[in-house]
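Structural features, examined
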Amino acid sequence: MKLEQLKGIGKVSIEKFKQLGVFEPVDLLFHLPLRYEDKTRITPIADAKAFHYAQIEGVIKASYVTQGKRPILVVEVADDTGTIQLKFFNFYYSQKLKMKPDLVIRAYGEIRLDMQGKTIIHPEFEMSPSKPLAESLTAIYPKVEGLNQSTIQKAIVQAVDLLNGDALEMTDLLPADWLTKQQLPTLKQAIKTVHAPPPDVDINTLINQQHPAQQRLKLEELLAHYLAMHQLKTHAQSQTAPTLPINESQKELLLRHLPFRLTNAQLRVIGEIHDDMQQTIPMQRLVQGDVGSGKTVVAALAMQAALVNGKQAAMMAPTEILAEQHWLSLQTMFPDHQFAYLTGGMKGKTREAILSHIATDADIMIGTHALFQDEVVYRQLALVIIDEQHRFGVHQRLALKAKGAKGLSVPHNLIMTATPIPRTLAQIAYANLDLSVIDELPPGRKKINTLLLANDKMPQLAKRIRDALATGEQAYWVCTLIEESEHLRAKAAEDTYRELQQWFPDLKIGLVHGRLKANDKNQVMQQFKTGKIQLLVATTVIEVGVDVPNASLMVIDNAERLGLSQLHQLRGRVGRGNKQSHCILMYQKPLTEHAQTRLQTMRSTHNGFEIAQQDLTMRGPGEILGTRQKGSMAFRLVDPENDVKLFEQAKELAVYMLENHPQACPKLTDRWHKQGQELAKV
Ligand code: ADP
Ligand code: MG
């Protein structure tokens, strides 16, 4: 059975369906609903809850267009229990004419609260409704540009019919006895329930994604994820990596030249890394350490193990600013070794020269992801370090790259992250890695004094900044405007920069944002490092890793917009020297209660793990892993935000399946990662 044999699917939609991972009819059944619309009932207006979707029906009391730059069509509707407003920002005049007072209207949408009370913005609606109410929930599917929701729905209805008629195969890969014990439905039942909920289904559990049919599918999806991770891990373990004996006297020498003594946590983690590097299987280790816990020196000691054995080590940073910083600081630790520095901006002859250096004499390579392009050929790469990796998925992709590596041996892998991920989440996100934690900060670090300040208090703040800078200290001013493009973000930062120049005409102010050319960016950072710039206006590009110990004051504009973990990362840019540092969280009044609690957490907590845990409870893992990562986790049904409690069960199931049903395991990963593409794309 082919996709094009279904009604309503033409050449164009076939291409679109491919983008959704749908190649044949059975794939449609695994294209699972994003959410449901409940049009089986009319909700009395008084009962319609804010932030929930509801269908209401009532009589139009008034309809008018507001005056102003952007006219809005407002339709006031009342039923026996209350009133609600329907608002249209885009509308046709003919629409307004149709929505006359005294007519009955049925509308569906998300209930919001605004100054006038309950509101639905751009509802779906029907005038003088005559159609009977829907008999069951309407499934709404993920879609791509150019493919209608109704095309998807119709295709899936046909696929479900085929399934009912046994024209599509649906082998249950989970053991029947296990399902019975857990009181979960079979795969076929579950699939049918989620696509075509029977009229007697418990609507609320389905809408809340808690129905046993959904639980079953989520468990299977998580199981497939664990099995894929397990596969990556066993694959890595089937490869060989160079054994790198540690040269104790060289190690002592390096440690003796450091201006500080390593913390016990640093020593322990270095020990774990060195143990791995002496094995013949490639290290796959994640080092988690809070901001300022001293990960760079840990990386340096890992590098040394490669260098003393005549091999190369490469370190990848997520931004050029960071890469350059590592380049500079590692050079002081390894003065006798040859460095190559490569970023994406390097082109032509410069690039060629660097590539040939990497292929021959260079010992240490520092750079951005450019280091891992196919054209880069290494002499004898024995260690890959990925610093400050926030992006979930990167390590798997690199692991896959290693898979394709030619020759007998692949490098050891070390991944370092400053985003402390709570265990529950790390378990799933990094299931294929061994974990080391640097759970101790170097001694003598002072707590960063964190305060909240409304952004209409600029005169007070200006005085504070002046006083601090007068004593020779330096400061960051972070602009957090979350504009939709890098361009707008840059512009917002430029505006702030100009504004601050007006406040402080006598201070040396710099500006750095993502749109600057690499050279300009580095120049600004360099000037800040050497103290030529006193106040650095920056977008969140400075979030990760930047190390300027003399900077002791940070202002974060519109702090209420950021997640706690991100605020913690930013704040970690100060408090690196021995001076008392301050972080001022500026906010726009009025703060919601929720925002207030979050910002208070920043005042009272300095431990990244605690903050991450708070973030998890308050905002969900998407915010911790970063929104993009959430996307790249690419679950169809599992929502890491709400399904944490299934992780443990899925993991146990994975162990059980590997032991008792090993032949089903690859089938499960294939089913859920059909194209395997997500991971393979770099
Ligand atoms: P991060 O873990 O955030 O990458 P860095 O490696 O940048 O931290 O280290 C932060 C600062 O602390 C640097 O200036 C570094 O030289 C210093 N540092 C690292 N380890 C120690 C230590 N054991 N004692 C004192 N200072 C240290
Ligand atoms: Mg760092």
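Look up a bit, the structure's there.
Definitions and cut-offs
- Residues numbered from 1 in each chain as written.
- Chains lettered and ligands numbered in written order.
- Predicted model: local features only at pLDDT ≥ 70, side-chain atom pairs only at ≥ 80, totals over all residues.
- Heavy atoms only, no water.
- Helix = DSSP H or I, 4+ residues; strand = E, 2+ residues; numbered from the N terminus.
- Buried < 20%, exposed > 50% of the residue type's maximum accessible area, 1.4 Å probe, protein only.
- Areas by Shrake-Rupley, 256 points an atom, 1.4 Å probe, with all protein chains shown as cover.
- Near = heavy atom within 4 Å.
- Polar contact = N/O pair within 3.5 Å; in protein donor to acceptor, adjacent residues only side chain to side chain.
- Nonpolar A, V, L, I, M, F, W, Y, C, P; charged D, E, K, R; others polar.
- Salt bridge = Lys/Arg side-chain N within 4 Å of Asp/Glu carboxyl O.
- Expected span 1.5 Å × (residues − 1).
- Pairing = 2+ DSSP bridges.
- Right-handed = clockwise from strand over helix to strand, strands pointing away.
- Axes fitted to C-alpha atoms, helices over the stretch in contact; angles between N-to-C directions.
- Contact = heavy atoms within 4.5 Å.
- Core = buried A, V, L, I, M, F, W, Y, C linked by side-chain atoms within 4.5 Å.
- Phe/Tyr/Trp six-rings, centres within 6.5 Å; stacked < 30°, edge-to-face > 60°.
- Lys NZ or Arg CZ within 6 Å of the ring centre and 35° of its normal.

The number of helices and strands found in the chain is 26 helices and 21 strands. Going through the 682 residues of the chain one by one, you find that 52% of them count as buried. Of the roughly 32,100 Å² of accessible surface on the chain, 51% is carried by carbon and sulfur atoms.

The subject of this paragraph is the site of ligand 1. With respect to spatial proximity, 17 residues lie near ligand 1, and among them Arg261, Gly292, Lys295, Thr296 and Arg445 are the closest. Here an oxygen atom of ligand 1 and a side-chain polar atom of Asp547 are 3.0 Å apart. At 3.2 Å from an oxygen atom of ligand 1 is found a side-chain nitrogen or oxygen belonging to Arg576. When ligand 1 is considered free in solution it has 570 Å² of accessible area, and contact with the protein chains removes 84% of it. Looking at the shell around ligand 1, its residues break down into four nonpolar, six polar and seven charged.

One pass over the structure, following the stated rule, counts 23 salt bridges. With a closest N to O distance of 3.4 Å, Asp363 and Arg379 form a salt bridge. Taken together, the residues span a long stretch of sequence, with Asp363 in the loop between helix H13 (348-359) and strand S12 (364-367) and Arg379 in the loop between S12 and strand S13 (381-386) at a distance of 16 residues. The class of Arg379 is partly exposed, set by a relative accessible area of 31%. When salt bridges that share partners are traced, they join Arg35, Glu37, Lys39 and Glu124 into one network.

Right, let's get into helix H8 (residues 212-238). In this model, H8 (27 residues) spans 38 Å end to end at C-alpha, consistent with the 39 Å of a helix rising 1.5 Å per residue. In terms of burial, H8 is a largely internal element, 19 of the 27 residues being buried.

Counting buried positions along strand S21 (residues 582-587) yields five of six residues, so the element is predominantly enclosed. When strand S16 (residues 449-454) meets S21, the two strands line up parallel, connected through six bridges. The residue bridging Leu453 from the neighbouring strand is Met586, located in S21. Crossover connection from strand S20 (residues 551-556) via helix H19 (residues 564-571) to parallel S21: handedness right-handed.

If you trace the six strands from one edge of the open sheet to the other, you get S16-S21-S20-S17-S19-S18, paired in parallel fashion. What marks the edges here is a single partner per strand, and that holds for S16 and strand S18 (509-512). Neighbour to neighbour, the strand axes of the sheet diverge by 20° on average, direction disregarded. Contacting S16, strand S17 (474-478), S20 and S21, H19 runs over the sheet at an angle of about 150° to S20.

For the rest of this paragraph, the subject is unusual backbone geometry. The phi torsion at Ser128 lies on the positive side, around 40°, for a residue other than glycine. Inspection of the secondary structure assignment puts Ser128 in the loop between strand S7 (124-127) and strand S8 (138-140). If you check the backbone angles, Gln209 has positive phi at about 65° while not being a glycine. Within the secondary structure, Gln209 is located in the loop between helix H7 (203-207) and H8.

Core analysis: the largest hydrophobic core is formed by 65 residues, its most contacted members being Met303, Phe334 and Leu383. Examining the composition of this core, we find that 10 residues originate from one element, helix H11 (residues 295-307), more than from any other. Excluding its chain neighbours within four sequence positions, the residues that come into contact with Phe334 are Leu254, Ala300, Met303, Gln304, Leu307, Phe339 and Ile364. By size, the runner-up hydrophobic cluster in this structure holds 39 residues, among which are Leu137, Ala139, Val144 and Leu187.

Turning to the packing of aromatic side chains, a few remarks are in order. In total, this model carries five aromatic pairs according to the counting rule given. On the numbers, 5.4 Å between centres and 80° between planes, the contact of Phe30 with Trp672 is edge-to-face. Taken together, the positions of Phe30 in the loop between helix H2 (25-29) and strand S1 (35-37) and Trp672 in helix H25 (residues 664-672) put the pair 642 residues apart, joining distant regions of the chain. For Arg35, the ring lying beneath its charged end belongs to Tyr53, and the centroid distance is 4.9 Å. Over the face of the ring belonging to Tyr108 we find Lys39, whose NZ or CZ atom lies 5.1 Å from the ring centre.

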